[in-house]
Amino acid sequence: MVSSTSQTFCRICHAACPVEVEIEENKVISVRGVKEDPLFKGYTCIKGRQIPDQINSQERLRFHLRKTKDGHFEEVTRVKGLDEVAKKLEEIIEQYGPSAVASYTGTGGYQSSCALATAEAWHKGIGSHQLYTSVTIDQPAKTTAPMRTGSWGAGINNFRDSDIFLAVGNNPMVSSYSPLGGLQGTDPFTKMREAKKRGMKLIVIDPRETELASSADIHLQPIPGEDPTLLAGILNVIFEESIYDHDFCDKWVEPSMLNSLIKSISRFTPEYVAKRCDVDQGAIIEAALMFANGKKGGAGTGTGPSMAPHSSLTEHLIICLNVICGRYNREGDLVESGNFLYPDSPRLAQVIPAKDPTTGPPSRFRNLRGYRGQMPCSTLADEILEPGEGQVRALIVSGGNPVVAFPDHELTISALKDLDLLVVLDHRMTATSELADFVFAPRLALERADVPHLMDRWFAAPYTNYTDAVVEADPELIAEWEFFWELACRMNTPIELSGGEIPLDHKPTDGEVIDLVYSSSRMPIEQIRENRGVVHTGKEYVVQPADPDCVSKFNLMPDGIEVEIDEVFAESTGAELWPGFDPDIHTFRLTSRRLKDVLNSLGTELPQIAARSTTNYAYMSPDDMEDLKIRDDDLIDISSPRSTITGVAKADKTLRRGIVSMAHSWGGTSLTDEKVRDIGTPTSRLTSAREAIDPINGPATNPTPNAAANMPMSRGRSSGFARSATAA
């Protein structure tokens, strides 16, 4: 057989690592990194190297499914299935109105560069605001917190220029993600070694000694859920020592709000914080001094703190750290990422005014509103179950698995079963697919054209890439954008994108839809197509001076922050947010955990991954396991005030005591975990979508569980507690 190679980039996650694909007769044989790539230099992760298994898997759906009246699935042609779905949607809209139709774009859908844009446009075309995505689950405060304080027009200091960085619950060596200004997933191990070699100092706050923490100059391991307490203490030391950037604050921070912040956190003394967080007092002071005395470099959070109590406050205090230390690009600095796929806009060294982040349509529940054009996922189950005007009756799931990803596992299952129509686009039968009325099989990454639309804003250099499809897909398979286009054709509703409407009288190509989605890009798409895997030295944004008429300042104490700081100080632990929490019973805390070989629920079906593990282990400190007479591979019950799951115990010496550390988005539709050793367990069962809510973003403890658990000493099966996390 004659083989050929094609260059593309991986889309298992957002990192977009360039790969070279070996192909024989339209079959993917192997993938490897592109050593010549100027940014990634051949780096790939274990997940990306499983692409041949994913695309060739016998378990992959290569046809579409329809559920029959007796509950089993039968094959249905693409045309017939789409005809029936469109007809049912029209009936639902006629009976209940357009807001009865919702969609959810999950992590898998996000990797397709036109999926969300076409879903958004389709929603506008039918008149429904019920658009949901994974963004409102895992890191919602990263969107809302900067809007409340105001943000800096030129962005945070570049990682490549930094001499200090503080990471809270972030582990980019595994997640390939870091906040802006942090270590990105473009060859992170090499980039960290280079940063340390040039003298950069690293502070990590995480209850686990993660791969990132192993490089830290200071590693603080607090009790999970105490991130706001610890950050308030670090801020207090900086203010007490008067080592913040006075000049920057005088010019760009509202003085009354700065004074209010100083007063509010003055109670968080090193002694108090050390005792409450169970962290060495001297280390807290040392970390504060190290960060403040650095010249360049910011602070940022990962996913973990977003799934812990007071997640909005944690993100707010991180912003405060960056603001008071002036960790932003100034006039004449270069912005390291190119932002080539998005509209050109000058980077000004000034504050973008604060605004209300939640101006979207109101939810019917918990006084929450939409933000960033999306509705909060934590309310979707109730929007489905509660009768009345606005009740959701149809849901389209694009590359997501809500059964195991949404908060409140049992409530989510009840809601999905209550729908009049559930449609899932996925290449495998997930727990959510099992409940669907229709399952449509999509084209996978190597079978479609794409741009790296997520990493374009995070690349650590002004870098561009583009890919065509490198293998031909079966014509029955359907891309995510194509699914919504097919519905629009049948329902005669428009899909209006940045560059105009997608024509409904003929089918466009992937490339033509990309042209419409990214028509306003800083670099024309045609030029990006011609510059694949290229660093454009000299094309960086140069930070421009502030507008002389700019009067905007950071507001470091927006409405609600002072009250929430008071609440944190009044608590003995963030776990008190949970109704039913009992410190004598709920003695452990559950933290979130990223895995090297699995992304959320993706990867567990692949043979090489399954050979490594078929469950999301309940990792514990060896000392805790010894005290409770628990051995590796014992089954343990982990209970929160909401519910109980069964986990498979595993010792992990990187954990501090008092923690159960588990990955999220495992398990299935069972509420009793009989197959926990085979498919894991959904930690979301321990959480509630209705209690312990964040007033801006939704639940204070999101689906990566932050629960409380009772761990009585019994051999083989014991009970555990879990609560908040700063794990990435």
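It should be noted that the structure appears before, not after, this text.
The structure reproduced in this document is the subject of the present report. What you see is a predicted model; the values in this text were computed from it and never measured. (Residues numbered from 1 in each chain as written. Predicted model: local features only at pLDDT ≥ 70, side-chain atom pairs only at ≥ 80, totals over all residues. Heavy atoms only, no water.)

Let's talk about the overall build of the protein chain
Here is step 1: Regarding its fold elements, the protein chain presents 25 helices and 31 strands.
Here is step 2: Over its C-alpha atoms the protein chain spans a radius of gyration of 25 Å, differing by no more than 12% from the 27 Å that the globule rule assigns to 728 residues.
Here is step 3: With the principal axes as the frame, the protein chain shows a C-alpha extent of 70 × 65 × 55 Å.
Here is step 4: Every one of the 728 residues in the protein chain was classed for burial, and the buried ones make up 64%.
Here is step 5: Considering only contacts within the protein chain whose residues lie at least 6 apart along the sequence, 74% involve residues at least 24 apart.
Here is step 6: Per element, the accessible surface of the protein chain, about 26,400 Å² overall, is 48% carbon and sulfur.
Here is step 7: Counting 74 positive and 101 negative side-chain charges, the protein chain places the centres of these two groups 3 Å from one another. (Helix = DSSP H or I, 4+ residues; strand = E, 2+ residues; numbered from the N terminus. Rg over C-alpha atoms; globule rule 2.2 N^0.38 Å. Buried < 20%, exposed > 50% of the residue type's maximum accessible area, 1.4 Å probe, protein only. Contact = heavy atoms within 4.5 Å. Areas by Shrake-Rupley, 256 points an atom, 1.4 Å probe, with all protein chains shown as cover. Lys, Arg positive; Asp, Glu negative; His and termini not counted. Charge placed at Lys NZ, Arg CZ, Asp CG, Glu CD.)

As for the packing of helix α9 (residues 227–240) against helix α14 (residues 311–324)
Here is step 1: At a minimum axis distance of 9 Å, the contact between α9 and α14 shows a crossing angle of 20°. Between α9 and α14, the interaxial angle falls into the category roughly parallel. Here the hand of the crossing between α9 and α14 comes out left-handed. Residues D227, P228, L231, A232, I234, L235, I238 and F239 of α9 lie in contact with α14, whose contacting residues are L313, T314, L317, I318, C320, L321 and I324. (Axes fitted to C-alpha atoms, helices over the stretch in contact; angles between N-to-C directions. Parallel < 35°, antiparallel > 145°, perpendicular 65-115°, else oblique. Left-handed = near helix turned anticlockwise from the far one by under 90°.)

What to know about the packing of aromatic side chains
Here is step 1: Tallied over the full model, the rule gives 23 aromatic pairs.
Here is step 2: With centroids separated by 6.2 Å and ring planes inclined at 85°, the aromatic side chains of F40 and F459 adopt a geometry described as edge-to-face. Here the residue F40 occupies a position in the loop between β3 (27–33) and α1 (51–56), and F459 occupies one in the loop between β17 (438–440) and β18 (463–464), the gap between them amounting to 419 residues.
Here is step 3: On the basis of relative accessible area, F40 is assigned to the buried category, the value being 1%.
Here is step 4: Ring plane angle 50° and centroid distance 5.4 Å describe the contact between W122 and F484, whose orientation is recorded as tilted. Linking W122 in helix α4 (residues 115–126) with F484 in helix α19 (residues 480–491), this pair joins segments that are 362 residues apart in sequence.
Here is step 5: We classify W122 as buried; its relative accessible area is 0%.
Here is step 6: Owing to a relative accessible area of 1%, F484 belongs among the buried residues under this scheme.
Here is step 7: By way of ring pairs, the aromatic residues W122, F438, F440, F483 and F484 are connected into one cluster.
Here is step 8: One Lys or Arg, R11, reaches over the ring of F9 and ends 4.8 Å from the middle of that ring.
Here is step 9: Directly above the ring of Y541 sits R347, whose terminal nitrogen or CZ lies 4.2 Å from the centroid. (Phe/Tyr/Trp six-rings, centres within 6.5 Å; stacked < 30°, edge-to-face > 60°. Lys NZ or Arg CZ within 6 Å of the ring centre and 35° of its normal.)

Some remarks on the packing of helix α6 (residues 141–149) against α14
Here is step 1: Two elements in contact, α6 and α14, have axes separated by 9 Å at closest approach and are oriented at 55°. When the axes of α6 and α14 are compared, the pair comes out oblique. The crossing of α6 and α14 is right-handed. Each of A141, K142, A145, P146 and T149 in α6 lies in contact with α14, whose residues at this interface are S311, S312, E315, H316 and I319.
Here is step 2: Here the residues of the contact of α6 with α14 sort into 4 nonpolar, 4 polar and 2 charged. (Nonpolar A, V, L, I, M, F, W, Y, C, P; charged D, E, K, R; others polar.)

A look at unusual backbone geometry
Phi is mostly negative for residues that are not glycine, and the peptide bonds are mostly trans.
Here is step 1: With a phi close to 55°, K41 is a non-glycine residue in the positive phi region.
Here is step 2: Tracing the chain through its elements places K41 in the loop between β3 and α1.

Concerning the nonpolar core
Here is step 1: In this structure, W152, I238, L321, I324, F554 and L556 are the most contacted members of the largest nonpolar core, which totals 60 residues.
Here is step 2: With sequence-adjacent residues up to four places away left out, W152 is seen in contact with F248, W252, Y328, N329, A349, Q350, V351 and F554.
Here is step 3: Counting 47 residues, the second largest nonpolar core, distinct from the first, contains Y342, V513, L516 and M523. (Core = buried A, V, L, I, M, F, W, Y, C linked by side-chain atoms within 4.5 Å.)

A short note on the layout of surface pockets
Here is step 1: Put simply, the second largest pocket is a space of about 630 Å³.
Here is step 2: Around the second largest pocket, the lining is made up of 28 residues, and of these M429, A431, T604, G667 and I679 lie nearest the centre.
Here is step 3: Among the elements of the structure, α18 (431–434) and α25 (676–679) are those that each provide at least two residues to the lining of the second largest pocket.
Here is step 4: By residue number, the principal contributor to the lining of the second largest pocket is α25, which donates 3 residues.
Here is step 5: Broken down by class, the residue content of the lining of the second largest pocket amounts to 7 nonpolar, 12 polar and 9 charged. (1 Å grid on protein atoms, 1.4 Å probe; cavity = no way out; pocket = protein on both sides within 12 Å on 5 of 7 lines; lining within 4 Å. Points joined across faces, edges and corners; volume = space filled by probe spheres on them.)

Looking at the side chain of Q350
Here is step 1: Take Q350: it is sitting in the loop between β13 (334–335) and β14 (351–352).
Here is step 2: In terms of polar contacts, Q350 uses its side chain to reach the backbone amide nitrogen of D547, at 2.6 Å.
Here is step 3: Sequence-distant contacts of Q350, defined by excluding residues within four places in its chain, comprise S151, W152, G153, W252, A546, D547 and C550. (Polar contact = N/O pair within 3.5 Å; in protein donor to acceptor, adjacent residues only side chain to side chain.)

Structural notes on the pattern of salt bridges
Here is step 1: On inspection of all chains with the given rule, the structure shows 39 salt bridges.
Here is step 2: Note that E91 is salt-bridged to K87, the shortest N-O span being 2.7 Å. Of the two residues, E91 and K87 are both situated in helix α2 (residues 78–96); the distance of 4 residues between them amounts to about one turn of the helix.
Here is step 3: Residue E226 is joined to R276 by a salt bridge in which the shortest nitrogen-to-oxygen separation is 2.8 Å. Taken together, the positions of E226 in the loop between β11 (218–220) and α9 and R276 in helix α12 (residues 270–277) put the pair 50 residues apart, joining distant regions of the chain.
Here is step 4: Among the residues examined, E226 registers a relative accessible area of 2% and is labelled buried.
Here is step 5: Overlapping salt bridges bring together R78, D83, R443, E482, E486, R490, K507 and D510 as one network. (Salt bridge = Lys/Arg side-chain N within 4 Å of Asp/Glu carboxyl O.)

Looking at the environment of I137
Here is step 1: Structurally, I137 can be placed in helix α5 (residues 135–138).
Here is step 2: Look at I137 and you get buried, because its relative accessible area is 6%.
Here is step 3: It is 6.4 Å that separates the C-alpha atoms of I137 and C377, two residues lying 240 residues apart in sequence.

Structural notes on the sheet that holds β3
Here is step 1: Within the open sheet, the 3 strands sit side by side as β1-β2-β3. Their pairing is antiparallel. The open sheet is flanked by β1 (3–9) and β3, the only strands paired with a single partner. For this sheet the average axis-to-axis angle between neighbouring strands, irrespective of direction, equals 30°.
Here is step 2: Of the strand pairs in this sheet, β1 and strand β2 (residues 18–24) are connected by 7 bridges, and their pairing is antiparallel. Considered in β2, the bridge of S3 is made with E24. (Pairing = 2+ DSSP bridges.)

Read these as spatial facts, not as claims about activity.
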